Amino acid sequence: MSFGETPVTLVGNLTDDPELKFTEGGAALAKFTIAVTPRTFDRTANAWKDGTTAFYRCAAWRQLAEHVADSLKKGSRVVASGRMRQHDWTNEQGEKRSMLAVEVDDIGASIRFTTVTINAKRATQSGPAGDDPWAKTGTADDAKFSEEPPF
């Protein structure tokens, strides 16, 4: 994250299935909206009350975008972190417009009210251990194996 960016963490529900597109250069882009509704406890009514729902337009790029599209769907409760970004443009009538959106850096299913099953994936496989530099590929006697960190 760069200096001056506004970090945000959202906990809410997807309002629709993520929309996956690809740029002309082949980069994946997932667009989706997260609805966030604050809840407070009303002691006089002895009940939980919902506040005003805020809708945050979000975008995820590249491999994260593909994972979002493969893993999440309308209604999924998620925890997303990223950066608030302002987008400015001029519409067809020549009017200047702007909007805030969240560029998501990380997102996952919330397990507060449900359970999930993790299905680990690797982007590429270069051998038995894939791209995991910590994976053990042999024995301690094997010349390719080392207990030292890979950096």
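Figured I'd write up the structure that's included with this text. The shown structure was predicted, so the numbers you read here are calculated from the model rather than taken from an experiment. (Residues numbered from 1 in each chain as written. Predicted model: local features only at pLDDT ≥ 70, side-chain atom pairs only at ≥ 80, totals over all residues. Heavy atoms only, no water.)

### A short note on the pairing of strand β5 (residues 47-50)
At step 1: By the bridge criterion, four bridges tie strand β4 (residues 39-42) to β5 in an arrangement that is antiparallel. Bridge pairing in β5 links Phe41 to Trp48.
At step 2: Once β4 ends, the chain turns through four residues before running back antiparallel as β5, passing Asn46 with a positive phi of about 55 degrees. (Pairing = 2+ DSSP bridges. Helix = DSSP H or I, 4+ residues; strand = E, 2+ residues; numbered from the N terminus.)

### A word on the environment of Arg57
At step 1: Looking at the secondary structure, you find Arg57 in strand β6 (residues 54-61).
At step 2: Overall, Arg57 belongs to the partly exposed group, its relative accessible area being 31%.
At step 3: Residues Arg57 and Thr33, 24 residues apart in the sequence, show an inter-C-alpha distance of 4.5 Å.
At step 4: Residues contacting Arg57, with those up to four places away along its chain left out, are Glu19, Lys31, Phe32, Thr33, Met99, Ala101 and Val102.
At step 5: Among the polar contacts made by the side chain of Arg57, one reaches the side chain of Thr33 at a distance of 3.1 Å. (Buried < 20%, exposed > 50% of the residue type's maximum accessible area, 1.4 Å probe, protein only. Contact = heavy atoms within 4.5 Å. Polar contact = N/O pair within 3.5 Å; in protein donor to acceptor, adjacent residues only side chain to side chain.)

### Details of the side chain of Asn91
At step 1: For Asn91, the location among the structural elements is in the loop between β7 (77-90) and β8 (96-109).
At step 2: For Asn91, a relative accessible area of 18% translates into the label buried.
At step 3: Within the structure, Asn91 has its side chain in polar contact with the backbone nitrogen of Glu95 (distance 2.8 Å).

### With respect to the layout of surface pockets
At step 1: Approximately 640 Å³ is the volume attributed to the largest pocket.
At step 2: At the level of secondary structure, the elements contributing two or more residues to the lining of the largest pocket comprise α1 (62-71) and β8.
At step 3: For the lining of the largest pocket, the element with the highest residue contribution is α1, accounting for five residues. (1 Å grid on protein atoms, 1.4 Å probe; cavity = no way out; pocket = protein on both sides within 12 Å on 5 of 7 lines; lining within 4 Å. Points joined across faces, edges and corners; volume = space filled by probe spheres on them.)

### Things to note about the environment of Pro38
At step 1: By secondary structure assignment, the location of Pro38 is in the loop between β3 (28-36) and β4.
At step 2: Given a relative accessible area of 42%, Pro38 falls into the partly exposed group.
At step 3: Note: C-alpha distance between Pro38 and Lys49 (11 residues apart in sequence) is 8.5 Å.
At step 4: Beyond its immediate stretch of four places on either side in the chain, Pro38 contacts Lys49, Asp50, Gly51 and Thr52.

### Considerations on a nonpolar patch on the surface
At step 1: Where nonpolar side chains cluster on the molecular surface, the patch consists of Ile111, Val116 and Ile118 and spans about 320 Å² of accessible area.
At step 2: Looking at the element boundaries, Val116 is found in the segment after β8. (Patch = residues over 30% accessible without salt bridge, like charges linked within 9 Å, V, L, I, M, F, W, Y side chains within 5 Å. Areas by Shrake-Rupley, 256 points an atom, 1.4 Å probe, with all protein chains shown as cover. Salt bridge = Lys/Arg side-chain N within 4 Å of Asp/Glu carboxyl O.)

### A few points about the nonpolar core
At step 1: Ranked by size, the top nonpolar core spans 19 residues in total, and within it Phe32, Ile34, Cys58, Val68, Val102, Val104 and Ile107 carry the most contacts.
At step 2: Where this core is concerned, the elements lending two or more residues are β1 (6-14), β3, β6, α1, β7 and β8.
At step 3: When residues in this core are grouped by element, the largest group, five residues, is from β3.
At step 4: Sequence-distant contacts of Phe32, defined by excluding residues within four places in its chain, comprise Leu14, Pro18, Tyr56, Arg57, Cys58, Ala60, Val68, Val104 and Ile107. (Core = buried A, V, L, I, M, F, W, Y, C linked by side-chain atoms within 4.5 Å.)

### As for the pattern of salt bridges
At step 1: Across all of its chains, the model carries seven salt bridges by this definition.
At step 2: Note that Arg85 is salt-bridged to Glu103, the shortest N-O span being 3.4 Å. Of the two residues, Arg85 is situated in strand β7 and Glu103 in strand β8; the sequence distance between them amounts to 18 residues.
At step 3: Overall, Glu103 belongs to the partly exposed group, its relative accessible area being 23%.
At step 4: Here the salt bridges share partners, and the residues they tie into one network are Arg83, Arg85, Glu103 and Asp105.

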